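Coordinate inspection notes
Now for the letters of each chain:
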Amino acid sequence: MSIGHSFLGLLEGKPRHGYDLKRAYDERFSPGRPLHHGQVYATLSRLLKNGLVVVDGLEPGEGPERKRYAVTDAGITDVQTWLSQPEKPEPYLQSVLYTKVVLALMTGRPADEILDVQRTEHLRLMREVTRRKTGGDLAEQLICDHALFHLEADLRWLELTAARLNELAARVRP
Amino acid sequence: MTEPLLVGTDLFKMYGTTPALRGSSLTIRAGEIVAVMGSSGSGKSTLLHCLAGIVRPDDGTVVYAGREISAMSDVERSALRRRDFGFVFQFGQLVPELTCVENVALPLRLDGVRRKEAERRSREWLDRLEVGDVAGKLPGQISGGQGQRVAVARALVTEPKVVFADEPTGALDSLNGEKVMQLLGQAARDTGAAVVLVTHEPRVAAYADREVVVRDGASLDLERVA
Ligand SMILES: Nc1ncnc2c1ncn2[C@@H]1O[C@H](COP(=O)(O)OP(=O)(O)OP(=O)(O)O)[C@@H](O)[C@H]1O
Ligand SMILES: [Mg+2]
């Protein structure tokens, strides 16, 4: 997640203080997982150094939280470039789960149990995310849906692999 | 934990030479939502039909609220299904000649509730499922998603103790399917009904309290084992 670009985008609406920026970010993009103050500080220093933001006001007191920041033209261009470029799709080709299954089969351990335990864990998390989604507003629902679709994809893979375990065993056993 | 409400033990069922259930057991507690998953042909629907007293198992017992279902007379069993159980299937469950509100009112009418009262309660349920506006339409005039909501309303209108739902979202796109599941789950929680939910879709199963997997006619409670 690009914290820097998100900050720049949030600053496009209006200049904000450091603490306000952190709160807006936590609320919109990272509910339940607030940024550390260190991350906020490091990100703002980098944006300042690169000329993407400037300080346009100070409150009494110390630290970056008390400064008010405004985005520069270079900062706006930076957000624009980021938004217009597609993210690299994550290929997930090095799956820990696949490795575990193959190793279990190679060493004569019960691979189906590994799949069952994982399935249970995935569905448990899906139920948790679903509960959160049910109680949440639209923003929260969309964040949860993104997680749910990925978890579902994993679960489908677990089912498919369970159905093909004998076939796979025949190939990987020495 | 609450008392078990519906307990199937060591259920066996053959269709000709095809074993559909081979020693399947499942316990449902009052008010809980249990997802039944498993690959096609593994025996999920057969298990649901046995638990609901629609199919008689070759062997094993089904006990509902302390009474063995297979020991009941046909009359007792259908009265039980009408009063204590509700059903939602994948499709084709609404009577095409009746309006939606008449469809929902049907179980109440069969149980001797007067038309006016039955339709009043049915309209309330249609409103709850956010399809109050289709009350006067025929099933052929509404969308699949609306039809499933009407079917859920019909399953819940008698305020049953157990709702049996076999792929209730199977014919819907994911947004509508989830909405139906969410409304079904909410309605069940509001009325304290337990739900036996057969589904292929993990995102639908995630609305349940727990999951049971059926494999080759045997049901596994992975969570209890783990
Ligand atoms: N009425 C029937 N007559 C003959 N065989 C049947 C009947 N009902 C089910 N079977 C067989 O019993 C087995 C279990 O069927 P069941 O319908 O319970 O599976 P399921 O898990 O619900 O599958 P699906 O996910 O495809 O709905 C299958 O092999 C099926 O072909
Ligand atoms: Mg079925």
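These numbers were taken from a predicted model, which means no experiment stands behind them.

1. Brief notes about the interface of chain B and chain A
- Listed per partner, the contact involves 19 residues of chain B and 16 residues of chain A.
- Overall, the association of chain B and chain A removes approximately 1,500 Å² of surface from exposure, summing both partners, and the carbon and sulfur fraction of that is 56%.
- The largest per-residue losses of area from chain B upon contact with chain A belong to Pro202, Arg203 and Ala206 of chain B, which jointly make up 37% of the total buried on that side.
- For the interface between chain B and chain A, the tally reads four salt bridges.
- Across the pair Lys133 of chain A and Glu178 of chain B runs a salt bridge whose closest N-O atoms are separated by 2.4 Å.
- Scanning the region where chain B abuts chain A turns up five residue pairs in polar contact (both at pLDDT 80 or more).

2. Section: the packing of helix H1 (residues 3–13) of chain A against helix H3 (residues 37–49) of chain A
All names here are of chain A.
- One can describe the packing of H1 onto H3 by two numbers: an axis separation of 10 Å at closest approach and a directional angle of 75 degrees. Between H1 and H3, the angle is such that the two are roughly perpendicular. Contacts from Ile3, Gly4, Phe7 and Leu8 of H1 reach H3 at Gln39, Val40, Thr43, Leu44, Arg46 and Leu47.

3. Looking at the layout of surface pockets
- The calculated volume of the second largest pocket comes to roughly 560 Å³.
- Along its surface, the second largest pocket is lined by 24 residues, and Glu159 and Ala162 of chain A together with Ser39, Val213 and Arg215 of chain B are the ones closest to its centre.
- In terms of residue class, the lining of the second largest pocket is built from nine nonpolar, seven polar and eight charged.

4. Concerning the sheet that holds strand E7 (residues 162–166) of chain B
- Taken in spatial order, the six strands make up an open sheet running E6-E7-E8-E3-E9-E10 (chain B), and their pairing is mixed. At either end of the open sheet lies a strand with only one pairing partner, and these are strand E6 (85–88) and strand E10 (218–220) of chain B. Neighbour to neighbour, the strand axes of the sheet diverge by 20 degrees on average, direction disregarded.
- For E7 of chain B and strand E8 (residues 194–198) of chain B, the ladder comprises five bridges, and the chain directions are parallel. The partner of Val162 of chain B across the bridge, within E8 of chain B, is Ala194 of chain B.
- Contacts between helix H6 (residues 111–135) of chain A and the sheet are confined to strand E3 (33–37) and strand E9 (210–215) of chain B, with E9 of chain B contributing the most and set at about 145 degrees to the helix.
- Its contacts with the sheet put helix H1 (residues 44–51) of chain B on E3, E6, E7, E8, E9 and E10 of chain B, and the angle it makes with E7 of chain B is roughly 155 degrees.

5. Quick word on the site of ligand 1
Residue and element names in this part refer to chain B.
- Near ligand 1 the following residues occur: Tyr15, Thr18, Ala20, Ser39, Ser40, Gly41, Ser42, Gly43, Lys44, Ser45, Thr46 and His200.
- Backbone polar atom of Ser42 to an oxygen atom of ligand 1: 3.3 Å apart, as the coordinates give it.
- A distance of 2.7 Å separates an oxygen atom of ligand 1 from a polar atom in the side chain of Lys44.
- Considering ligand 1 on its own, with 630 Å² of exposed area, one finds that the protein chains cover 59% of that surface.
- Secondary-structure elements contributing two or more residues to the shell around ligand 1 are strand E2 (18–29) and H1.
- Considering each element in turn, the shell around ligand 1 owes the most residues, three residues, to H1.
- Taken together, the residues of the shell around ligand 1 sort by class into two nonpolar, nine polar and one charged.

6. What to know about the domain arrangement of chain A
- Along its sequence, chain A is carved into domain 1 (3–84) and domain 2 (96–172).
- Each of domain 1 of chain A and domain 2 of chain A has a C-alpha centre, and the two are 37 Å apart.

7. Observations regarding a nonpolar patch on the surface
- There is a patch of nonpolar side chains on the surface, built from Leu48, Val55 and Leu58 of chain A and spanning about 260 Å² of accessible area.
- We classify Leu58 of chain A as exposed; its relative accessible area is 64%.

8. Observations concerning H3 of chain A
All names here are of chain A.
- In this model H3 runs 18 Å from its N-terminal to its C-terminal C-alpha over 13 residues, within 8% of the 18 Å that 1.5 Å per residue would give.
- Of all the positions in H3, only Val40, Thr43, Leu44 and Leu47 are classed as buried. Buried residues of H3, seen end-on, are gathered within an arc of 95 degrees and therefore sit on one face of the element.
- Considering only its buried residues, H3 is in contact with H1, helix H2 (18–29), strand E2 (53–58) and strand E3 (67–71).
- Immediately beyond the C-terminal end of H3, within one or two residues, lies Gly51, with a positive phi of roughly 75 degrees.

9. Thoughts on the pattern of salt bridges
- For the structure on display, the rule yields 28 salt bridges over all chains.
- Across the salt bridge formed by Arg119 of chain A and Glu159 of chain A, the nearest N and O atoms sit 3.0 Å from each other. In this pair, Arg119 of chain A is assigned in helix H6 and Glu159 of chain A in helix H7 (residues 138–163), connecting sequence segments 40 residues apart.
- On the accessibility criterion, Arg119 of chain A (5% relative accessible area) is buried.
- Across the pair Arg119 of chain A and Glu211 of chain B runs a salt bridge, and its minimum N-O distance is 2.3 Å. Residue Arg119 of chain A is found in helix H6, and its partner Glu211 of chain B is found in strand E9; the two belong to separate chains.
- Look at the salt bridges and you will find they share partners, linking Lys133, Asp145, Glu152 and Arg156 of chain A together with Glu178 and Arg203 of chain B into a network.

10. Quick word on the nonpolar core
- Judged by nonpolar contacts, the single largest core of 62 residues is most densely connected at Leu105 of chain A together with Leu126, Val150 and Val163 of chain B.
- Residues Leu26, Leu48, Ala52 and Phe164 of chain B belong to the second largest nonpolar core, which totals 28 residues.

Definitions and cut-offs
Residues numbered from 1 in each chain as written. Chains lettered and ligands numbered in written order. Predicted model: local features only at pLDDT ≥ 70, side-chain atom pairs only at ≥ 80, totals over all residues. Heavy atoms only, no water. Contact = heavy atoms within 4.5 Å. Buried area = accessible area lost by both parts, 1.4 Å probe. Salt bridge = Lys/Arg side-chain N within 4 Å of Asp/Glu carboxyl O. Polar contact = N/O pair within 3.5 Å; in protein donor to acceptor, adjacent residues only side chain to side chain. Axes fitted to C-alpha atoms, helices over the stretch in contact; angles between N-to-C directions. Helix = DSSP H or I, 4+ residues; strand = E, 2+ residues; numbered from the N terminus. Parallel < 35°, antiparallel > 145°, perpendicular 65-115°, else oblique. 1 Å grid on protein atoms, 1.4 Å probe; cavity = no way out; pocket = protein on both sides within 12 Å on 5 of 7 lines; lining within 4 Å. Points joined across faces, edges and corners; volume = space filled by probe spheres on them. Nonpolar A, V, L, I, M, F, W, Y, C, P; charged D, E, K, R; others polar. Pairing = 2+ DSSP bridges. Near = heavy atom within 4 Å. Areas by Shrake-Rupley, 256 points an atom, 1.4 Å probe, with all protein chains shown as cover. Domains from an automatic or database assignment. Patch = residues over 30% accessible without salt bridge, like charges linked within 9 Å, V, L, I, M, F, W, Y side chains within 5 Å. Buried < 20%, exposed > 50% of the residue type's maximum accessible area, 1.4 Å probe, protein only. Expected span 1.5 Å × (residues − 1). Arc of directions from axis to C-beta. Core = buried A, V, L, I, M, F, W, Y, C linked by side-chain atoms within 4.5 Å.

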